Amino acid sequence: MNKATFRRLAYLFKKSGQETPIIVYDVDDVLWGLLENIALAGGLNPAFCTAVFRIRENWLLSRSEQEYIIETFSDAKIFRDIKFYPEAANILRPEELGAKVVINSNSFNAEIGELKINQLLQAIPNLESENIQINILDYQHANHKPLSEKTTILIDDSPYNVATSPALMNLMPENIYWTHNPKSKEIVQHQPVTWLPNLGAINDFVYTAVGYMMSPSYSLN
């Protein structure tokens, strides 16, 4: 990544007047492959299922396949044994430099929310429950995520969440095609967005960015 990107982020952070960078991680399709697991459980092609963010608009899926995926989003069974990416265990590393890392995830019922919380606390060393925000939404209203205006970096797979994000920088994983297909790029075109290959690359970007932000050499004075 170009050093100019990190220098600009550091400048914007200092200019905001904040003292602590706030890093917000999504869960589904960021810390683990929800759609991939749904696809495999239903005998579907994961590449087809992750082609378009809005399942109803995914022309690669039949109507019955779309219904299966949407129904499974609300089925707690798929969340009872979350297989987090190995790199999820390292997301708190920027706190060593002075950042605050929080998790913000939409869920379609309270049972799923509790399953996520319990497994996140087990999977991520030193994560505290007060730094996990679960938003209970129904599928029709899932294209929104409440975020703090102080968010410094948002990591999310949803182009709709990124489109309304107040973050200084938004990071999206490239390993899911819907994050960077033409429609998604159009949705987020007015936002600062960087696409990175996977969670490991995202974690490295965040750690480096926070290092620049917290460096006394990047002062406005």
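Look a little higher up for the structure.
Every value quoted in this text rests on a predicted model; they were computed, and no experiment measured them.

Visitor: Help me out: how do you make sense of the packing of aromatic side chains in this one?
Guide: By convention here, two paired aromatic rings are described through the distance between centres and the angle between planes. One pass over the full model with this rule turns up 6 aromatic pairs. Between F6 and Y212, the aromatic rings sit 5.5 Å apart at their centres with planes inclined by 25 degrees, giving stacked as the arrangement. With a gap of 206 residues between them, F6 in helix 1 (residues 3-16) and Y212 in helix 8 (residues 199-214) connect regions that are remote in the sequence. Here the two residues F6 and Y212 agree in accessibility, since each one is buried. Ring geometry for W32 and F79: centres 5.9 Å apart, planes at 65 degrees, overall edge-to-face. Of this pair, W32 sits in the loop between strand 1 (22-25) and helix 2 (34-41) while F79 sits in the loop between helix 4 (63-73) and strand 2 (100-107); the two residues are 47 residues apart in sequence, bridging distant segments of the chain. Across the pair, exposure class does not vary: W32 and F79 are buried alike.

Visitor: Where do I start with helix 2 in this structure?
Guide: Along an α-helix, residues three or four apart share an orientation, since each turn contains 3.6 residues. Taken residue by residue, helix 2 has L34, L35, I38 and A39 as its buried positions. Looking straight down helix 2, one finds its buried side chains confined to an arc of 130 degrees; they lie on one side. The outward face of helix 2, more than 90 degrees from its buried face, is lined by the exposed residues L40 and A41. In this structure, the buried side of helix 2 is in contact with helix 3 (46-49) and helix 4.

Visitor: How should the packing of helix 2 against helix 4 be read in this particular structure?
Guide: Helix packing geometry: the angle between the two helix axes and the distance between the axes. Two elements in contact, helix 2 and helix 4, have axes separated by 10 Å at closest approach and are oriented at 125 degrees. When the axes of helix 2 and helix 4 are compared, the pair comes out oblique. In terms of crossing hand, the pair formed by helix 2 and helix 4 is right-handed. Facing helix 2, whose interface residues are L34, L35, I38 and A41, helix 4 presents Y68, I69, T72 and F73. Residue composition of the contact of helix 2 with helix 4, by class: 7 nonpolar, 1 polar and no charged.

Visitor: It is not clear to me how the environment of N203 should be interpreted in this structure. Could you clarify?
Guide: Inspection of the secondary structure puts N203 in helix 8. N203 sits 48 residues away from I155 along the chain, and the two C-alpha atoms are 9.6 Å apart. Excluding its chain neighbours within four sequence positions, the residues that come into contact with N203 are Y25, E87, N90 and I91.

Visitor: Hey, could you run me through the pairing of strand 2 in this one?
Guide: Every other side chain in a regular strand lies on the same face of the sheet, so the side chains alternate between the two faces. Most of strand 2 sits inside the fold, with 7 of its 8 residues counted as buried. Of the strand pairs in this sheet, strand 1 and strand 2 are connected by 4 bridges, and their pairing is parallel. Bridge assignment links I22 to a residue of strand 2, and that residue is K100. Bridge analysis of strand 2 against strand 3 (residues 132-136) gives 5 bridges, and the strand direction is parallel. Counted as the bridge partner of N106 is N135 from strand 3. The parallel pair strand 2 and strand 3 is bridged by helix 5 (residues 110-123), and the resulting crossover is right-handed.

About the criteria used
- Residues numbered from 1 in each chain as written.
- Predicted model: local features only at pLDDT ≥ 70, side-chain atom pairs only at ≥ 80, totals over all residues.
- Heavy atoms only, no water.
- Phe/Tyr/Trp six-rings, centres within 6.5 Å; stacked < 30°, edge-to-face > 60°.
- Helix = DSSP H or I, 4+ residues; strand = E, 2+ residues; numbered from the N terminus.
- Buried < 20%, exposed > 50% of the residue type's maximum accessible area, 1.4 Å probe, protein only.
- Arc of directions from axis to C-beta.
- Contact = heavy atoms within 4.5 Å.
- Axes fitted to C-alpha atoms, helices over the stretch in contact; angles between N-to-C directions.
- Parallel < 35°, antiparallel > 145°, perpendicular 65-115°, else oblique.
- Left-handed = near helix turned anticlockwise from the far one by under 90°.
- Nonpolar A, V, L, I, M, F, W, Y, C, P; charged D, E, K, R; others polar.
- Pairing = 2+ DSSP bridges.
- Right-handed = clockwise from strand over helix to strand, strands pointing away.

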